[in-house]
Amino acid sequence: MKTKNIFFIILLLVGVSFSSFAREHIRIATGEWSPYISAELKYKGLVSRIVTEAFALEGVHVEYQFFPWGRALLEAQKGNLDASSVWYFHEDREKDFLHSDPVIVLTEVFFHLKSFDFDWRDWSDLKSLRVGGTIEYTVSKMLEENQQIGEYSLELIPSDENNFRKLLKGRIDIFPSAIEAAYPLLNEKFTEEDRERLTYHPNPVNSGELYLLVSKRNPKNKHMLNLFNRGLKRLKESGQYDKIMRESKSEPLDE
């Protein structure tokens, strides 16, 4: 009897091990964008939680690797990693990537000092202003594309945090950021006095859907994209997507 039990346990363990080995796996290149994506946050941020849980519903394990944003895109573009999360749609990326169904919808606005009298409706209203931006962000590409129309100066650097510091020091006049991303960063890295000096203009700079980009370099990635889209649909239909969004507004950000 004992021999049979041991044999059964061995078969069970072999089955579990094989199941774990057979589980599909995707490697995603991404960057720091708190509270949406961060190696330091619970679930690695709101967006990462959505992506992870959508894939999990289809039996796919997700591995995140963090880079500066420009390199994150390049790693996926070259096929060194399978995908990059998350990006606004941009036509010039279609030759290298497949776009998922929308993961999340965001709106970005211009932040500025309360002491700076700022109003804008179109690019021409930014004439002669010093505009800050973060390298490789879609909104920064928009600023580059419209710079000739707006006749503003544009300074791009790798960090949202340092752009806010430049804003507070008066080295730039305005800086675009998603509201939900800006305030967790400001709360964590800046003093209350600093935060009190800042405000934003309600007219959106950019509003739209963000996508998981899956590299075309590996033929299996089309299958992975189909799994993700199916998992994301299941996540939304079950009500879990809305639950995640609600929890992101009430739970602590850190582990």
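Preceding this paragraph is the structure being described.
If you're wondering where the values come from, they're calculated on a predicted model, not measured in any experiment.

1. Thoughts on the environment of Lys169
- Tracing the sequence through the fold places Lys169 in the loop between α6 (160-168) and β8 (175-178).
- Along the chain, Lys169 and Leu113 lie 56 residues apart, while their C-alpha atoms are 9.7 Å from each other.

2. Quick word on the pairing of strand β3 (residues 83-88)
- In terms of residue burial, β3 counts as a mostly covered element, since six of its six residues are buried.
- Relative to β3, strand β1 (residues 24-30) runs parallel, the two sharing three bridges. Counted as the bridge partner of Ile28 is Ala83 from β3.
- When β3 meets strand β10 (residues 206-215), the two strands line up antiparallel, connected through five bridges. Residue pairing for β10: Ser84 is matched across the bridge by Leu213.

3. Here we look at the packing of helix α2 (residues 46-56) against helix α9 (residues 221-237)
- Two elements in contact, α2 and α9, have axes separated by 7 Å at closest approach and are oriented at 100°. When the interaxial angle is binned, α2 and α9 end up roughly perpendicular. Listed contacts from α9 to Ile50, Val51, Glu53, Ala54 and Phe55 of α2 are Met224, Phe228, Gly231, Leu232 and Leu235.
- Tallied by class, the residues present in the contact of α2 with α9 amount to eight nonpolar, one polar and one charged.

4. A closer look at the pattern of salt bridges
- As enumerated under the stated definition, the model contains 15 salt bridges in all.
- A salt bridge links Asp96 to Lys95, with the shortest nitrogen-to-oxygen separation between them at 3.7 Å.
- On the basis of relative accessibility, which here comes to 18%, the residue Asp96 falls in the buried class.
- Where salt bridges share partners, they join Arg49, Glu53, Lys243 and Glu247 into one cluster.

5. Topic: α2
- Counted residue by residue, α2 has eight buried out of 11 residues, so it is predominantly covered.
- Among the residues making up α2, those that are buried are Leu46, Val47, Ser48, Arg49, Ile50, Val51, Ala54 and Phe55.

6. Structural notes on the nonpolar core
- Ranked by size, the top nonpolar core spans 55 residues in total, and within it Ile28, Trp33, Tyr36, Phe55, Phe110 and Leu126 carry the most contacts.
- Not counting chain neighbours up to four residues away, the residues in contact with Leu126 comprise Phe110, Phe118, Trp120, Gly150, Tyr152 and Ile174.
- Core analysis: the next-biggest nonpolar cluster, separate from the first, contains 13 residues, Val109, Ala182, Phe190 and Leu198 among them.

7. With respect to the side chain of His99
- Within the element layout of this structure, His99 appears in strand β4 (residues 97-99).
- Looking at His99, the relative accessible area reads 18%, which means it is buried.
- Ignoring anything within four residues of it in the chain, the contact list for His99 reads Phe89, His90, Glu94, Tyr211, Leu212, Leu213 and Leu225.

8. Things to note about the packing of aromatic side chains
- Within the structure shown, the criterion is met by 15 aromatic pairs.
- Three or more aromatic residues joined by ring pairs make a cluster, and in this case those are Phe110, Phe116, Phe118, Trp120, Trp123 and Tyr152.
- Taking NZ or CZ as reference, Arg165 lies 4.3 Å from the ring centre of Phe190, over its face.
- Here Lys236 stacks its cationic end above the ring of Tyr241, 5.0 Å away from the centre of that ring.

9. Here we look at a negative patch on the surface
- On the surface, Glu91, Asp92, Glu94, Glu144 and Glu145 cluster together to form a negatively charged patch.
- Tracing the backbone through its elements, the reader meets Glu144 in helix α4 (residues 138-145).

Calculation notes
Residues numbered from 1 in each chain as written. Predicted model: local features only at pLDDT ≥ 70, side-chain atom pairs only at ≥ 80, totals over all residues. Heavy atoms only, no water. Helix = DSSP H or I, 4+ residues; strand = E, 2+ residues; numbered from the N terminus. Buried < 20%, exposed > 50% of the residue type's maximum accessible area, 1.4 Å probe, protein only. Pairing = 2+ DSSP bridges. Axes fitted to C-alpha atoms, helices over the stretch in contact; angles between N-to-C directions. Parallel < 35°, antiparallel > 145°, perpendicular 65-115°, else oblique. Contact = heavy atoms within 4.5 Å. Nonpolar A, V, L, I, M, F, W, Y, C, P; charged D, E, K, R; others polar. Salt bridge = Lys/Arg side-chain N within 4 Å of Asp/Glu carboxyl O. Core = buried A, V, L, I, M, F, W, Y, C linked by side-chain atoms within 4.5 Å. Phe/Tyr/Trp six-rings, centres within 6.5 Å; stacked < 30°, edge-to-face > 60°. Lys NZ or Arg CZ within 6 Å of the ring centre and 35° of its normal. Patch = residues over 30% accessible without salt bridge, like charges linked within 9 Å, V, L, I, M, F, W, Y side chains within 5 Å. Areas by Shrake-Rupley, 256 points an atom, 1.4 Å probe, with all protein chains shown as cover. Lys, Arg positive; Asp, Glu negative; His and termini not counted. Charge placed at Lys NZ, Arg CZ, Asp CG, Glu CD.

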